[in-house]
Amino acid sequence: MNQFSFESIVAWQKAHYFTRLVYTITGHFPEEERFGLVSQFRRAAVSIGANIAEGYKKLSKADKLRFLNISEGSLAECQNYIVLSRDLGYIDDREYALLHESADEAGRLLAGYCNGIISNNGINNGM
């Protein structure tokens, strides 16, 4: 892994782990949800890391933060899908806890990354 890559951002690493978890867990959802909840959940999860990566390459603080804010929105969307999946009986308590904890950790690190960008006027790429 290149030390000057979006892959070195811990928030991206946690988002990537969360996305992989979403793919694994939604793999056993009912077939009728393949183009519904599964597709939406996976799309939103992928968007979290993708927007962190895209924002990493932006030169201005405003552009970086705009992409990171999109990541935060996608994460919130996923948190909604976690609750919905539990309420529909598609995930058990263990899977709910895994997804919930992973999303929370990614969210905390994403917020920290945003705060680091806000407080560091000289930031160019990453942290």
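Please refer to the structure higher up on the page.
A brief report on the enclosed structure follows. Everything numeric here is computed off the predicted structure, so don't read it as measured data.

Our focus in this paragraph is the environment of His28. Within the element layout of this structure, His28 appears in the loop between helix 1 (10-26) and helix 2 (37-56). Along the chain, His28 and Ala103 lie 75 residues apart, while their C-alpha atoms are 20 Å from each other. Here His28 is in contact with Tyr90 and Glu95, once residues within four sequence places are set aside. Within the structure, His28 has its side chain in polar contact with the backbone oxygen of Ile25 (distance 2.8 Å).

A word on the packing of helix 2 against helix 3 (residues 61-87). At a closest axis distance of 8 Å, the pairing of helix 2 and helix 3 adopts a crossing angle of 155 degrees. As summarised for this structure, helix 2 and helix 3 are arranged roughly antiparallel, according to the angle between their axes. The handedness of the crossing between helix 2 and helix 3 comes out as left-handed.

Turning our attention to the pattern of salt bridges. Within the structure shown, the criterion is met by 4 salt bridges. Lys14 is paired through a salt bridge with Glu105; the nearest N and O atoms lie 3.5 Å apart. In this pair, Lys14 is assigned in helix 1 and Glu105 in helix 4 (residues 93-119), connecting sequence segments 91 residues apart. We classify Lys14 as partly exposed; its relative accessible area is 28%. Exposure remark for Glu105: the relative accessible area of 30% places this residue in the partly exposed category. The partner of Glu31 in a salt bridge is Arg34, and the shortest N-O contact between them spans 3.7 Å.

Let's shift gears to the nonpolar core. Residues Phe18, Phe41, Ile52, Ile82, Leu99 and Tyr113 are the most contacted members of the largest nonpolar core, which totals 31 residues. Counting only elements with at least two residues in this core, the list comes to helix 1, helix 2, helix 3 and helix 4. No other element matches helix 2, which puts 8 residues into this core. When neighbours within four sequence positions are excluded, Phe18 is seen to be in contact with Phe41, Ala45, Ile48, Leu75, Cys78, Ile82, Leu99, Ser102 and Ala103.

Let us look at the packing of aromatic side chains. Describing an aromatic ring pair means giving the distance of the ring centres and the angle of the ring planes. Here the structure, examined in full by the defined rule, presents 3 aromatic pairs. Seen in terms of ring centroids, Phe41 and Tyr81 are 5.6 Å apart; in terms of plane orientation they differ by 55 degrees. Their pairing is tilted. Here Tyr81 lies in helix 3 and Phe41 lies in helix 2, a separation of 40 residues in the sequence. Relative accessible area serves as the criterion here: at 0%, Phe41 is assigned to the buried category. A residue is classified by how much of its surface remains accessible, and Tyr81, at 10% relative accessible area, is buried. Sitting over the ring of Tyr96, Arg86 keeps its end group 4.6 Å from the ring centre.

About the criteria used
Residues numbered from 1 in each chain as written. Predicted model: local features only at pLDDT ≥ 70, side-chain atom pairs only at ≥ 80, totals over all residues. Heavy atoms only, no water. Helix = DSSP H or I, 4+ residues; strand = E, 2+ residues; numbered from the N terminus. Contact = heavy atoms within 4.5 Å. Polar contact = N/O pair within 3.5 Å; in protein donor to acceptor, adjacent residues only side chain to side chain. Axes fitted to C-alpha atoms, helices over the stretch in contact; angles between N-to-C directions. Parallel < 35°, antiparallel > 145°, perpendicular 65-115°, else oblique. Left-handed = near helix turned anticlockwise from the far one by under 90°. Salt bridge = Lys/Arg side-chain N within 4 Å of Asp/Glu carboxyl O. Buried < 20%, exposed > 50% of the residue type's maximum accessible area, 1.4 Å probe, protein only. Core = buried A, V, L, I, M, F, W, Y, C linked by side-chain atoms within 4.5 Å. Phe/Tyr/Trp six-rings, centres within 6.5 Å; stacked < 30°, edge-to-face > 60°. Lys NZ or Arg CZ within 6 Å of the ring centre and 35° of its normal.

This is a description of form; function is not addressed.
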